[in-house]
Amino acid sequence: MAEGKDLHLEGVTKRFGSFVAVDDLTLTVPEGSFFALLGPSGCGKTTTLRMVAGLEDPSLGRVLIGDEDITQLRPYKRPVNTVFQSYALFPHLTIAENIEFGLRRRGVKDYQQKTSDMIELVQLTGYGDRKPVQLSGGQQQRVALGRALINVPGVLLLDEPLGALDLKLRRQMQIELKRIQTEVGITFVHVTHDQEEAMTMADTIAVMNHGVIEQMGAPGELYENPATTFVANFLGQSNLIRSDVVNSTGDDVMIDCNGQKVAVESSRSHVDGQSAWLGIRPEKIFVSEAGASERNGHNRLTGGRVTDVSFVGVSTQYLVAMPWGQELMVFEQNTGQRPPLRNGTEVDLAWSGAHAFLLDAHQDATAGMMTPEDAE
Amino acid sequence: MTSGLDTATEPSGPVVDGETSKRRGWGWLLLVPGMLWLAVFFLFPTVQLFFTSLYDPSGSYEQGYTMTWHFANYVDAVRDTWDLFARSFVYAGIATAVCLALGYPLAYAIAFKAGRWKHFMLVLVIAPFFTSFLLRTLSWRTILADQGPVVDFLQTILILPEDGRLLATPVAVIAGLVYNFMPFMTLPIYASLDKVDHRLIEAAGDLYASPFTGFRKVTLPLSMPGVVSGTLLTFIPASGDYINAELLGTPNQYMIGNRIQSAFLTEHNYPLAASLSLILMAIVVVMVVFYVRRTGTEDLL
């Protein structure tokens, strides 16, 4: 494979009338990586993808693969292929004809051998002569993938490719997609609104919101150290508590959290001013009966009371009402060390300073939270 | 109109077996009015026509006809009028080809390029039906008249010689056929094109097909059902038409429809008229079956 086929977007902007769908986006996707653009619907991720495919023209900015500027190239001249959200399989052609479509347009000679190899790679051996309507959703999805992959594009674009599949099949296809990507080594740019899907598959995730990238990094990095409330809420769940910064002492930032002192590692602070959101993931919190905690060196908040207990098998999820009126979420793994706490129990919460994060207080604490419509 | 066409693009979901059989039990009742209509106005007249075609040809309107199972009527009919049959199919064939050449781009433009003018343009396609077929064909006599603007223009640019004319020529008859049957070509093609998913065209572009190749490999094959029904809806009535030849041509341009019309209404030669009608019907059916098989669109119709 050719060297230096990184995908670059430079200051790419897309306006529809007065609406800015993508706002001055600059990013580099390294060759051979599995890159996810993650965000809620309308955040500009699909528009970004379509600009790379050539299906939309950027209002400003450039798209490059390696050193080649492809901004002005018509879609059929770009070394880029797309797996469409709705698959867009040609209904009048067989599976084999769908898969070989791109090769035949480019006049590739031994397309028959390549087609049967691809049919095998996407595990559809024996289905070559069928029409798309005769296949299940998961099989159609694999045809769409094979039809794009067979062209060995510089970049493969996937637009919510698993959106139409049911949950179980989706999980299966996530593993499958990752396997194929590792096998062929092509750069995948995957657009999705499903944070779990992005985290399972991608090497790098860019979280998009309102046409800009909020934060970009490896899945673990984004999850453990989110830089904005949007990322904290959109990737998993977070407890965000209003706090004041007292002082910074070298490695730690000391904060006053409703009258109780806690510390956060300064590498995990994304705050300049006085007031901040203290963020803690629910599974990072240890809950114990008031005064019973033996965890020294941990941050601690006292005065909580359990208001809700839900047993979900692998874990128990608590809601704990704090003295300042906020309810915090705590997930505790069911290791069986002690019986679950009961409703109304007075509790203390503890966590390691390496697990909390500080976010700017000007941001909306509910940004990126799942609304019931998103959750379906 | 659009909502009706849109629903056809929805993929048909899995059908629950129990439900279909329950529906099937009562569904045939809905067919009864249609079947009765067909029996009274199609089946019965066709059988009657068949018997009429076998009457004794020596009978007359005044004396009446006797049933003599005279199959030789068919032989006589073909011998006397084969040239009219040939001319009808040639004219109808050319008219259908011209309708397709003009109607496909028109339908394509309405479906893909018209934007908010889509419905207005559709109304324009249908608008000629708001006045009588006869009146519109008569007005073509004015348009194509020897001193009319079209002839003048064609003479000016030297396409027609000084003494050349359009009226009373095959050109006029075919032009009339094209004009009158154009909506029957355009509308089915439009309906097919309108159902073509734009994402498929995008996908073709994404897979290295230039716009023209994308059209040839994706849009055109997907619109074939419309092309097939459009050509059938144009060719079948055009080959039986007699108004255009009557009003825009001379007896030298007469088609089989003119002969059937005069045999029925002027000469009252019912056996001849009936056997001509049945021969026309038989030839058209054979041609349609062959055509549909050939284009491989049986399942798409």
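Everything numeric in this text was worked out from a predicted model, so none of it was measured.

Draft legend 1. Local environment of the overall build of chain A. When its secondary structure is counted, chain A shows nine helices and 20 strands. Projecting the C-alpha coordinates of chain A onto the three principal axes gives extents of approximately 75 × 45 × 35 Å. Counting only contacts in chain A whose residues sit at least 6 apart along the sequence, the fraction spanning at least 24 positions is 66%.

Draft legend 2. Representation of the overall build of chain B. Within chain B, the secondary structure is distributed over twelve helices and zero strands. Order of helices (α) and strands (β) in chain B, N terminus to C terminus: α-α-α-α-α-α-α-α-α-α-α-α. If one aligns the C-alpha atoms of chain B with their principal axes, the spans along those axes are about 70 × 70 × 35 Å. Looking at chain B as a whole, 33% of its 301 residues qualify as buried. Of the contacts formed within chain B by residues at least 6 apart in sequence, a portion of 69% connects residues at least 24 apart.

Draft legend 3. Quick peek at the domain arrangement of chain A. For chain A, the assigned domains are domain 1 (7-224) and domain 2 (237-362). Between domain 1 of chain A and domain 2 of chain A, the C-alpha centre-to-centre distance is 39 Å.

Draft legend 4. The arrangement of the interface of chain A and chain B in detail. At the junction of the two partners, chain A supplies 16 residues and chain B supplies 15 residues. Contributing elements (two or more residues each) for the side of chain A that touches chain B: strand E6 (80-83) and helix H2 (95-105) of chain A. Among the elements that take part in the side of chain A that touches chain B, H2(A) stands out by supplying three residues, more than any other.

Draft legend 5. Quick look at the sheet that holds strand E5 (residues 68-69) of chain A. All names here are of chain A. Taken in spatial order, the four strands of this open sheet run E2-E1-E4-E5, and their pairing is antiparallel. The open sheet terminates on both sides in strands that have one partner only, identified here as strand E2 (19-29) and E5. Two elements, strand E1 (residues 7-16) and strand E4 (residues 60-65), share five bridges in a ladder whose sense is antiparallel. Along E4, the bridge assignment pairs Thr13 with Leu60.

Draft legend 6. Quick look at unusual backbone geometry. Positive phi, close to 50°, is recorded for A:His210, a residue that is not glycine. In this structure, A:His210 sits in the loop between strand E9 (204-209) and strand E10 (212-217). Phi is positive for B:His268, which is not a glycine, with a value near 50°. Locating B:His268 in the fold gives a position in the loop between helix H11 (256-265) and helix H12 (270-295).

Draft legend 7. Broad picture of helix H5 (residues 167-184) of chain A. Residues and elements named next belong to chain A. With 18 residues, H5 extends 26 Å between its outermost C-alpha atoms, agreeing within 8% with the 26 Å of an ideal straight helix rising 1.5 Å per residue. Along H5, the residues classified as buried are Met173, Gln174, Leu177, Ile180 and Gln181. Looking down the long axis of H5, one finds its buried residues gathered within 140° of arc, a one-sided arrangement. Facing away from the buried side of H5, by more than 90 degrees, are the exposed residues Lys168, Ile175, Arg179, Thr182 and Glu183. Buried residues along H5 sit against strand E3 (34-38), helix H3 (111-121), helix H4 (137-149), strand E8 (187-192) and helix H6 (195-201). Looking one or two residues past H5, Gly185 carries a phi angle of roughly 70°, positive in sign.

Draft legend 8. Representation of the packing of helix H9 (residues 211-240) of chain B against H12(B) in the model. All names here are of chain B. Running from N to C, H9 and H12 point in directions that differ by 165°, and their axes come no closer than 11 Å. One way to sum up the angle between H9 and H12 is to call them roughly antiparallel. Regarding H9 and H12, the two cross each other, and that crossing is right-handed. In contact with Met224, Val228, Leu232, Ile236, Ser239 and Gly240 of H9, H12 contributes Leu280, Val284, Val288, Val292 and Thr295. Looking at the contact of H9 with H12 residue by residue, the class counts come to eight nonpolar, three polar and no charged.

Draft legend 9. Main features of the sheet that holds strand E15 (residues 286-289) of chain A. Residues and elements named next belong to chain A. Taken in spatial order, the five strands line up as E15-E19-E16-E17-E18 in an open sheet, and their pairing is antiparallel. With partners counted over all chains shown, the strands left at the sheet margins are E15 and strand E18 (327-333), one partner each. Put simply, the sheet's adjacent strands are angled 45° from each other on average, direction ignored. Summarising the sheet, strand E16 (residues 299-311) and strand E17 (residues 315-321) pair through six bridges and their orientation is antiparallel. Residue pairing for E17: Arg305 is matched across the bridge by Ala321.

Draft legend 10. Broad picture of the pairing of strand E7 (residues 155-159) of chain A. Residues and elements named next belong to chain A. With five of five residues buried, E7 is to be regarded as a mostly interior element. A two-sided burial pattern is seen for E7, the buried positions comprising Val155, Leu157 and Asp159 on one face and Leu156 and Leu158 on the other. The pairing of E6 with E7 spans four bridges and is parallel. Considered in E7, the bridge of Thr82 is made with Leu157. In the sheet, E7 pairs with E8 via five bridges, with the strands oriented parallel. Residue pairing across strands places Leu156 opposite Phe188, the latter belonging to E8. Handedness of the crossover joining E7 and E8 through H5: right-handed.

Draft legend 11. Geometry of the nonpolar core. In terms of nonpolar packing, the biggest core is built from 152 residues, with A:Val52, A:Val189 and A:Val207 touching the most fellow members. For this core, the element with the most residues is helix H7 (residues 170-195) of chain B, which contributes 16 residues. Domain assignment of the residues forming this core places at least three in each of domain 1 (7-224) and domain 2 (237-362) of chain A.

Draft legend 12. Inspection of the confidence of the model for chain A at higher detail. Per-chain confidence: chain A averages 90 in pLDDT, with 96% of residues scoring 70 or above. Counted against residues more than four places away or in other chains, residues 372-376 of chain A, with its pLDDT under 50, gives two contacts.

Draft legend 13. A look at the environment of B:Ala92. By the secondary structure assignment, B:Ala92 is in helix H3 (residues 72-113). Discounting residues that sit within four places of it in the chain, B:Ala92 has contacts with B:Leu177, B:Phe235, B:Ala238 and B:Ser239.

Draft legend 14. Up close: the packing of helix H5 (residues 133-143) of chain B against H7(B). Residues and elements named next belong to chain B. One can describe the packing of H5 onto H7 by two numbers: an axis separation of 11 Å at closest approach and a directional angle of 140°. Viewed along their axes, H5 and H7 form a crossing whose handedness is right-handed. Listed contacts from H7 to Phe133, Thr137 and Trp140 of H5 are Gly176, Tyr179 and Asn180. Considering only residue class, the contact of H5 with H7 consists of three nonpolar, three polar and no charged.

Draft legend 15. Layout of H2(A). All names here are of chain A. Burial runs high along H2: eight of the eleven residues are buried. Ile95, Ala96, Asn98, Ile99, Glu100, Phe101, Gly102 and Leu103 are the residues of H2 that are buried. Check the buried side of H2 and you find it contacts E6, H3 and H4. The first or second residue beyond H2 is Gly107, which carries a positive phi of 70°.

Rules and cut-offs
Residue positions are counted from 1 within each chain, in the order its sequence is given. Whichever chain is written first becomes A and whichever ligand is written first becomes 1, with later ones labelled in order. Where local features are concerned, this predicted model is filtered to residues with pLDDT of at least 70; where side-chain atom pairs are given and counted, the filter is 80 or more; whole-chain, interface and lining totals use all residues. The helix and strand labels rest on DSSP assignments: H or I over at least four residues marks a helix, E over at least two residues marks a strand, and numbering proceeds from the N terminus. Residues are defined as contacting one another if the C-beta atoms placed from their backbone atoms lie within 7 Å. Exposure criterion: with C-beta atoms placed from backbone coordinates, a residue whose C-beta has 20 or more other C-beta atoms within 10 Å is buried, one with 12 or fewer is exposed, and one in between is partly exposed. An automatic or database domain assignment is the source of the domain bounds shown. By definition, two strands form a pair when at least two bridges between them are found by DSSP. The span one expects for a helix is its residue count, reduced by one, times 1.5 Å. Note that the arc is defined by the directions from the helix axis to the C-beta atoms. Between N-to-C directions, angles span 0 to 180 degrees; the directions come from axes that are lines fitted to C-alpha atoms, helices contributing only their stretch in contact. Working rule for angles: under 35 degrees goes down as roughly parallel, over 145 as roughly antiparallel, 65 to 115 as roughly perpendicular, anything else as oblique. For a crossing to be left-handed, the near helix must be turned anticlockwise from the far one by less than a right angle; the clockwise case is right-handed. All amino acids are sorted into three groups, where Ala, Val, Leu, Ile, Met, Phe, Trp, Tyr, Cys and Pro are nonpolar, Asp, Glu, Lys and Arg are charged, and the leftover types, Gly among them, are polar. Crossovers are marked right-handed if the path from the first strand over the helix to the second runs clockwise, as seen with the strands pointing away from the viewer. Take the buried Ala, Val, Leu, Ile, Met, Phe, Trp, Tyr and Cys residues, join any whose C-beta atoms are within 7 Å, and the set you get is a nonpolar core. You can read pLDDT as the predictor saying how much it trusts each residue, on a scale of 0 to 100.

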